[in-house]
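Single-letter residue listing:
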Amino acid sequence: MIKKFDKKDEESGSGSNPFQHLEKSAVLQEARIFNETPINPRRCLHILTKIIYLLNQGEHFGTTEATEAFFAMTRLFQSNDQTLRRMCYLTIKEMANISEDVIIVTSSLTKDMTGKEDVYRGPAIRALCRITDSTMLQAIERYMKQAIVDKVPSVSSSALVSSLHMVKRSYDVVKRWVNEAQEAASSDNIMVQYHALGLLYHLRKNDRLAVTKMLNKFTKSGLKSPFAYCMLIRIASKLLDETEGGHDSPLFDFIESCLRNKNEMVVYEAASAIVHMPNCTARELAPAVSVLQLFCSSPKAALRYAAVRTLNKVAMKHPSAVTACNLDLENLITDSNRSIATLAITTLLKTGSESSVDRLMKQISSFVSEISDEFKVVVVQAISSLCQKYPRKHSVMMNFLSNMLRDDGGFEYKRAIVDCIISIIEENPESKETGLAHLCEFIEDCEHTVLATKILHLLGKEGPRTPQPSKYIRFIFNRVVLESEAVRAAAVSALAKFGAQNDDLLPSVLVLMQRCMMDSDDEVRDRATFYMNVLQQKQKALNAAYIFNGLSVSIPGLEKSLHQYTLEPSEKPFDMKSVPLATAPITEHKTGTTTCCRLICTGKLPEKLAPSRQDIYQEQLAAIPEFQALGPLFKSSEQVQLTEAETEYVVRCIKHTFARHMVFQFDCTNTLNDQLLQKVVVQMEPSESYEVTNYIPATSLPYSQPGSCYTLVQLPDDDPTAVSCTFSCTMKYLVKDCDPNTGEPDDDGYDDEYVLEDLEVTVADHIQKVLKANFGAAWEEVGDEFEKEETFALASVQTLDEAVGNIISFLGMQPCERSDKVPENKNSHVLFLAGVFRGCHDVLVRARLALADGVTMQVTVRSSEETVVDVILASVG
Amino acid sequence: RHWTLLERREIIKFQLFHNALQGPSLYTVKAVLILDNDGDRLYAKYYGDGYPSVKEQKALEKNIFNKTHRTDSEIALLEGLTVVYKSNIDLFFYVIGSSHENELMLMAVLNCLFDSLSQMLRKNVERRALLENMEGLFLAVDEIVDGGVILESDPQQVVHRVALRGDDVPLTEQTVTQVLQSAKEQIKWSLLR
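Residues numbered from 1 in each chain as written. Chains lettered and ligands numbered in written order. Predicted model: local features only at pLDDT ≥ 70, side-chain atom pairs only at ≥ 80, totals over all residues. Heavy atoms only, no water.

**Looking at the overall build of chain B**
Per the secondary structure count, chain B includes seven helices and seven strands. Counting from the amino terminus, chain B carries its helices and strands in the arrangement α-β-β-α-β-β-β-α-α-α-β-β-α-α. For chain B, the proportion of its 193 residues judged to be buried stands at 58%. Taking as baseline every contact in chain B between residues at least 6 positions apart, the subset at least 24 positions apart corresponds to 53%. A total accessible area of about 8,300 Å² is found for chain B, and carbon and sulfur atoms account for 53% of it. (Helix = DSSP H or I, 4+ residues; strand = E, 2+ residues; numbered from the N terminus. Buried < 20%, exposed > 50% of the residue type's maximum accessible area, 1.4 Å probe, protein only. Contact = heavy atoms within 4.5 Å. Areas by Shrake-Rupley, 256 points an atom, 1.4 Å probe, with all protein chains shown as cover.)

**Comments concerning the confidence of the model for chain B**
Residues and elements named next belong to chain B. Within chain B, residue pLDDT values average 80, and 73% of them lie at 70 or more. pLDDT under 50 marks residues 15-21. Its contacts with residues more than four places away, or in other chains, come to 10 contacts. Here residues 166-174 is a poorly scored stretch, pLDDT under 50, and it has 11 contacts once near neighbours within four places are set aside; other chains count. (pLDDT = per-residue confidence, 0-100.)

**Observations regarding the nonpolar core**
Core analysis: the biggest nonpolar cluster contains 256 residues, and Phe34, Leu109, Ile255, Ile383 and Met404 of chain A have the highest contact counts within it. Here this core takes 12 residues from helix α3 (residues 103-120) of chain B, the largest share from any one element. When residues no more than four places from it in sequence are discounted, the contact partners of Ile383 of chain A are Met361, Met397, Phe400, Leu401, Met404 and Cys420 of chain A. Phe792, Ala803, Leu811 and Phe837 of chain A belong to the second largest nonpolar core, which has 29 residues in total. (Core = buried A, V, L, I, M, F, W, Y, C linked by side-chain atoms within 4.5 Å.)

**Some words on the environment of Asp801 of chain A**
Here Asp801 of chain A is to be found in helix α37 (residues 800-811). Between the C-alpha atoms of Asp801 of chain A and His829 of chain A, which are 28 residues apart in sequence, the distance is 9.5 Å.

**Side note on the pairing of strand β16 (residues 841-851) of chain A**
Residues and elements named next belong to chain A. Sheet analysis places strand β15 (residues 828-837) next to β16, joined by 10 bridges and oriented antiparallel. Considered in β16, the bridge of Val830 is made with Arg848. What sits between β15 and β16 in their antiparallel hairpin is a turn of three residues, with Gly839 showing a positive phi close to 95°. In the sheet, β16 pairs with strand β17 (residues 855-863) via nine bridges, with the strands oriented antiparallel. Opposite Val845, over in β17, you have Val861 as the bridge partner. (Pairing = 2+ DSSP bridges.)

**Structural notes on the packing of aromatic side chains**
Evaluation of the coordinates by the stated rule reveals 20 aromatic pairs over all chains. An angle of 75° between the planes, with centres 5.4 Å apart, marks the rings of Tyr565 of chain A and Phe574 of chain A as edge-to-face. Judged by centre distance (5.8 Å) and plane angle (35°), the rings of Tyr85 of chain B and Tyr94 of chain B are tilted. Relative accessible area serves as the criterion here: at 5%, Tyr85 of chain B is assigned to the buried category. For Tyr94 of chain B, a relative accessible area of 0% gives the class buried. Members of the aromatic cluster, joined through ring pairs, are Phe77, Tyr89 and Tyr120 of chain A. (Phe/Tyr/Trp six-rings, centres within 6.5 Å; stacked < 30°, edge-to-face > 60°.)

**Some words on the pairing of strand β5 (residues 91-98) of chain B**
The two faces of the sheet receive side chains in turn, since in a regular strand these alternate between them. All names here are of chain B. Most of β5 is tucked away: eight of the eight residues are buried. In the sheet, strand β1 (residues 29-36) pairs with β5 via seven bridges, with the strands oriented antiparallel. From the neighbouring strand, Leu35 faces β5, where its bridge partner is Phe92. Here eight bridges tie strand β4 (residues 81-88) to β5, and the two strands are oriented antiparallel to one another. In the strand pairing of β5, Ser87 is matched with Phe92.

**Focus on the packing of helix α15 (residues 250-257) of chain A against helix α16 (residues 264-275) of chain A**
Residues and elements named next belong to chain A. It is at 8 Å that the axes of α15 and α16 come closest, and there the two elements cross at 135°. Considered as vectors, α15 and α16 are oriented oblique to each other. Contacts between α15 and α16 involve Phe252, Ile255 and Glu256 from the former and Ala270, Ala273 and Ile274 from the latter. In the contact of α15 with α16, the residues fall into five nonpolar, no polar and one charged. (Axes fitted to C-alpha atoms, helices over the stretch in contact; angles between N-to-C directions. Parallel < 35°, antiparallel > 145°, perpendicular 65-115°, else oblique. Nonpolar A, V, L, I, M, F, W, Y, C, P; charged D, E, K, R; others polar.)

**Here's the deal with the sheet that holds strand β2 (residues 41-46) of chain B**
All names here are of chain B. Taking strand neighbours across the sheet as the criterion, the five strands line up as β2-β1-β5-β4-β3 in an open arrangement whose pairing is antiparallel. For this open sheet the edge positions go to β2 and β3 (75-78), each flanked by a neighbour on one side alone. Averaged over all neighbouring strand pairs, the angle between strand axes comes to 20°, with direction disregarded.

**What about the state of the cysteines?**
Residue and element names in this part refer to chain A. Applying the stated criterion to the full structure yields zero disulfides over all chains. Among the cysteines around Cys709, which has no disulfide bond, Cys668 carries the closest sulfur, lying 4.3 Å off. Look at Cys709 and you get buried, because its relative accessible area is 0%. (Disulfide = S-S within 2.5 Å.)

**Section: the confidence of the model for chain A**
Within chain A, residue pLDDT values average 84, and 94% of them lie at 70 or more. Ignoring residues within four places in sequence, the model shows residues 1-15 of chain A, a span with pLDDT below 50, making 14 contacts including any to other chains.

**A few points about the packing of helix α22 (residues 357-365) of chain A against helix α24 (residues 394-406) of chain A**
Residue and element names in this part refer to chain A. Running from N to C, α22 and α24 point in directions that differ by 5°, and their axes come no closer than 11 Å. The angle between α22 and α24 falls in the class roughly parallel. Residues Val357, Asp358, Met361, Ile364 and Ser365 of α22 touch α24, and the partners they reach there are Val396, Met397 and Phe400. Of the residues belonging to the contact of α22 with α24, the class tally is six nonpolar, one polar and one charged.

**A few points about the pattern of salt bridges**
Scanning the entire structure with this criterion turns up 40 salt bridges over all chains. Among the salt bridges present, the one from Lys45 of chain B reaches Glu94 of chain A, with a minimum N-O distance of 2.9 Å. On the criterion of chain membership, the pair formed by Lys45 of chain B in strand β2 and Glu94 of chain A in helix α5 (residues 82-95) is interchain, its members lying in two chains. Assessed through its relative accessible area of 23%, Lys45 of chain B is described here as partly exposed. According to the relative accessible area criterion, Glu94 of chain A is partly exposed, its value standing at 24%. Taking the shortest distance from any N to any O, the salt bridge between Lys454 of chain A and Asp419 of chain A comes out at 2.6 Å. (Salt bridge = Lys/Arg side-chain N within 4 Å of Asp/Glu carboxyl O.)

**What to know about the side chain of Asp521 of chain A**
All names here are of chain A. Note that Asp521 resides in the loop between α30 (506-516) and α31 (522-537). At 3.2 Å, the side chain of Asp521 forms a polar contact with the backbone nitrogen of Glu523. Separated by 3.3 Å, the side chain of Asp521 and the backbone nitrogen of Val524 make a polar contact. Residue contacts for Asp521: discarding those within four places in its chain leaves Glu485 and Arg488. (Polar contact = N/O pair within 3.5 Å; in protein donor to acceptor, adjacent residues only side chain to side chain.)

**Concerning the environment of Pro823 of chain A**
All names here are of chain A. By the secondary structure assignment, Pro823 is in the loop between β14 (814-815) and β15. In this structure Pro823 comes out as partly exposed when scored by relative accessible area, which is 38%. When the C-alpha atoms of Pro823 and Glu427 are compared, they prove to be 9.1 Å apart, with 396 residues separating the residues in sequence.

In structure tokens form, the structure reads like this:
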């Protein structure tokens, strides 16, 4: 009633906010009345509210003033006012990180936690756990266990959630409460059930066997809580993902059965889980798609949004599965929630026919300026996949994209557009010139250094091979005049490529280079001087090695080797071959896949792949004395699984190749909680003349804590062609039985062994992928001194795609010039592969493939070393 | 579309990467916000370390408010976050989660918060009434979300647990003014009802 009259007042200013002009110092001054007797609950309550309000507004409290207020507040525990007490708990939590000695309230909180007032007990537990560390936790362990199984839901939930928060800090203590959590999971209260399940999972998540058992139990007994169901679905789908098995397992059946749950939240979670599974068939998707279709007409915006967003993801992989929803999606393209409308249109773009493209594009351009950057990116991605589907539409799309490129927008959005244009150029050679022209226009006014350098790099690569290379020179040279150092340097590199490829442009490029040599930045000057000198030699091999295809070594590795070299002065020149190679970048086949991957995780990709996986292994292995004399690490393989899923021990192997040795790293996990393994080694029996020279054991392997042991093998020196070998592997160790609860082992143990699967070393383990941006130039550079050619018939292979995939994975070499993509409806194809063979010998493979009753393949191999050519041909045969 | 081996491997790698990041977890809520008509913060509670400084938080709040206050749709995707929201008279309520989060779960939290406050404020969910009952709001959010985990989703339970009753204090401990104050308070409630 009163409010109505005050309306004017309210609009005219902030006077109606009693907290508006709070001064921290004044409030802290007021807090002194906490010390008065008798306590005035109402006034104290008001002051605590003000303190929390200030903290909430982001006001900074110094340690001293916070500690003072905190200690004054502790006196308020003498009052029995319920609300005041509750606000004390809140203050404790808010100040836990600011004030000192917060543990002083431990005994008061313990008293409330175990007292008779149910209203106090839950919040007291939460406040207490907030200020308790691992050592003090032991003291309240008994109370926590009791609280977890308390019949009052708020008490039990508080104890379970607090335990969950503490798992990170005090795993060893909290894991002893598994039995109590188990009991709580069968509670009738839906939240208690949910929290208990969450805690149980977090305690067991490294033990696949235990997780499987838990899932079996709960999926059979059934749960009441929709939240718990959602959690179960997530656990089940993660487990399915890891086992990589088929979808005919009880886990998949469980998730599918949740599509018929009464609660929409559960139904949606199940549908989303199915959609996100890799390798789902259209038949498996169908029931999930039909529930999502129903949700499309829900009156709740959040549900429509969730449904159309998930359908959009389905459309990425299985557009035909979503076609049935086209009518429902059409209804959503005018939805007042622009996010929903955008998702509906982009989904339709993927599922609809070619004829509807123009109409939909028109619709979306009417409101593209109203939507957030996130959704603009979604639109761009839809266009990208559309171009792959309907290559004929690329001119419409290119037009639309160039308009979007002119609009305002953040970096992510612009990057998505640039990526999309680049992928269109790569897929459709006839769109190359228009695309490059749009990008040239874009860099004339581009604030993002990363994008400008990326485009300049692309211009350098593609521009010289267009019919009219000279027209790009102006755009590139403008950058040298106008931009920041990084862009200028990139522009100089691009210019050099034009000079190297086009003889008639060389004189003008040299003149421009000359000018760049006077640049104010030393990086730009250095590059210009370097290119100038290389170009003046007019030698194809030099151009190939220093202009088209840059260094193939790992940059952190190069830095380390150079540092080492300067530390130990020597007469010998620095040897590039001592530097580990860079693991092949994924840039070449990135477009197309990453766009979809980005949609899959819709979040942001990591900006930089900081030290690569191999740099990390190099570091780890170098720390082991036995491996220090092996030289630089040449290649590390992917992990190979040597045990089946759900066995007692999980062993995975990584093969590390050095110039003359291989190190096998076995990552082992012991999944038995009543065993401690010691002195673990993996014994290897080679089939060829490989020689095992050293075993480095994992000293101790406690339950669920992964450990590594290593086996060092010398490669046969006398026979360089022996590149493949099979090892039979046995894990040997000392077992000590131990108490599953405390992990305390018995004094005595016994030796035991465990047979693992065989491990194969193949030719791919001896070759490192290296990307040659200009394969033709590299081919000329290596020359035909050791060229050999042979023809093979691949009888078992039915398509060119399959043949290409097989060759790449068999040889472990890097496909260049996008030759891993076979154009549709072609009967022949040429695949270019590049790599470096162990011992730093460049090796290049050109495979001509022809399709006719199986695939015929003519392989030409070039290398700087004759044996390498023989090895490759011998292993293909 | 037919995926090549390489592409398929890439996709699986990214999905694993994504799953490893996510992992099934109870940590659902990244933030609970209440802003006023001008987009100023009345209440903000962030969970986890996604927005560690006040500066970043205020920037996010500004961005969210700008994108949402003119439309009355209830969900948006911003800065890689799913934002569900609801406005009433001069208040804007937001619950924020990761973009992979089940949107309906976030909705459940938003509805619970709104319905609890609506009961506590006797359906009078507007800025002034809220500011006069900030302690009720603080306690309610504390009962709904704990460290990012949904603690309770039933507004009845939340209101019951917050139990804002000044009259529970034994009379012996109250001064005359306090008794008067609480009487005034009760009259006010009955008027608002």
